[in-house]
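# Structural overview for review
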Amino acid sequence: QVQLVQSGGGLVQAGDSLRLSCAASGRTFSILEMAWFRRAPGKERQFVGKITRSGDTTYFPSSVKGRFTISRDNAKNMVYLQMDSLKPEDTAVYYCAARVPTSGSYDFWGQGTQVTVSS
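## So, the sheet that holds strand β3 (residues 18-25)
- Across the sheet, 4 strands lie side by side as β1-β3-β8-β7; this open sheet has antiparallel pairing. Each end of this open sheet is capped by a strand with a single partner; those strands are β1 (3-7) and β7 (68-73). When strand polarity is set aside, the average angle formed by the axes of neighbouring strands in this sheet is 20°.
- Note that β1 and β3 share 5 bridges and pair antiparallel. Bridge assignment links Val5 to a residue of β3, and that residue is Ala23.

Next up, the structure:
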């Protein structure tokens, strides 16, 4: 089992920056592929980005590429989502997620944290 506890989030203005944190426990963190997702009101869950186990590669959809970055600290069992140049359409509940190497899906999820971007 993997436990994920998120922190960060809140209300910001358009153009501001925000950093979300996710602390993992329960498994060797360095074997986990970590990702971030979000769900806006009335919309389906959206992939925000992911980072490989070693942290040397990240992937982002076009909607956030160039504005969001993901980093991880395997020594601290932490993963971070840095969000810059935030837009009102980034308003959503954000979730961190973990995938073990043998799984084809993200099986472990954080509790979610609200990010609201005002115009």
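Structure shown, so let's carry the discussion forward.
## Remarks on unusual backbone geometry
- We note that Asn77 has phi near 60°; this positive angle belongs to a residue other than glycine.
- Topologically, Asn77 is positioned in the loop between β7 and β8 (78-83).
- For Asn77, a relative accessible area of 26% translates into the label partly exposed.
- Positive phi is not limited to glycine here, since Ser85 has a value of about 50°.

Definitions and cut-offs
- Residues numbered from 1 in each chain as written.
- Predicted model: local features only at pLDDT ≥ 70, side-chain atom pairs only at ≥ 80, totals over all residues.
- Heavy atoms only, no water.
- Pairing = 2+ DSSP bridges.
- Helix = DSSP H or I, 4+ residues; strand = E, 2+ residues; numbered from the N terminus.
- Axes fitted to C-alpha atoms, helices over the stretch in contact; angles between N-to-C directions.
- Buried < 20%, exposed > 50% of the residue type's maximum accessible area, 1.4 Å probe, protein only.

Function cannot be read off these values alone, since they describe shape.
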